[in-house]
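So the chains spell out like this:
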Amino acid sequence: QVQLVESGGGLVQPGGSLRLSCVASGSISRVYAMGWYRQAPGEERELVAGVTSTGLTNYADSVKGRFTISRDSAKNTVYLQMNNLSPEDTAVYYCNVRGAQMDSRFFGSWGQGTQVTVSS
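Residues numbered from 1 in each chain as written. Predicted model: local features only at pLDDT ≥ 70, side-chain atom pairs only at ≥ 80, totals over all residues. Heavy atoms only, no water.

What to know about the overall build of the protein
When helices and strands are counted, the protein shows zero helices and eleven strands. Overall size of the protein, expressed as C-alpha extent along the three principal axes, is 50 × 25 × 25 Å. Of the contacts made within the protein by residues no fewer than 6 positions apart, 56% connect residues no fewer than 24 positions apart. Working note: accessible area of the protein is about 6,300 Å², and carbon and sulfur atoms make up 47% of it. Counting 10 positive and 9 negative side-chain charges, the protein places the averaged centre of each group 9 Å from the other. (Helix = DSSP H or I, 4+ residues; strand = E, 2+ residues; numbered from the N terminus. Contact = heavy atoms within 4.5 Å. Areas by Shrake-Rupley, 256 points an atom, 1.4 Å probe, with all protein chains shown as cover. Lys, Arg positive; Asp, Glu negative; His and termini not counted. Charge placed at Lys NZ, Arg CZ, Asp CG, Glu CD.)

Things to note about the state of the cysteines
Two cysteines whose sulfur atoms are joined by a covalent bond form what is called a disulfide. All chains considered together, the criterion is met by one disulfide. Through a disulfide, Cys-22 is tied to Cys-95; the S-S separation comes to 2.1 Å. Here the disulfide of Cys-22 and Cys-95 is left-handed, its torsion about the S-S bond being about -80°. One end of the pair, Cys-22, is in strand S3 (residues 18-26); the other, Cys-95, is in strand S9 (residues 91-101), with 73 residues separating them in the sequence. (Disulfide = S-S within 2.5 Å.)

Examining the pattern of salt bridges
Under the counting rule described, the total for this entry stands at five salt bridges. Among the salt bridges present, the one from Arg-38 reaches Glu-46, with a minimum N-O distance of 2.8 Å. For Arg-38, a relative accessible area of 6% corresponds to the buried category. Residue Glu-46 is classed as partly exposed on the basis of its relative accessible area, which comes to 35%. A salt bridge links Asp-61 to Lys-64, with the nearest nitrogen and oxygen atoms 3.1 Å apart. Look at Lys-64 and you get exposed, because its relative accessible area is 51%. (Salt bridge = Lys/Arg side-chain N within 4 Å of Asp/Glu carboxyl O. Buried < 20%, exposed > 50% of the residue type's maximum accessible area, 1.4 Å probe, protein only.)

No statement about biological role is implied by the geometric values presented.
Below, the structure is given as structure tokens:
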């Protein structure tokens, strides 16, 4: 079983910054990909940013140039640095991690979500 714990959300003014963290723990043999998604009220969950085991990254067009995803493979941790935040970034942010467990079974786990609110 794999658990994800997110932290770093909160209330920030437009133009401000936040850094989200997500730590994966449990029966993990290998992590393939890590990513951040978000879901605003009344909207579908969307991919914000992802990073592969080789360090390749991809971003939603709406966050390119403002958000940066990174990972610490030794700690099974993924980060999302969010700069120049706008009210449109307000959402619940979810961490997603995919990999293999110690018994070789594939896993895909979600974090509990962390609220990010951008408002003056």
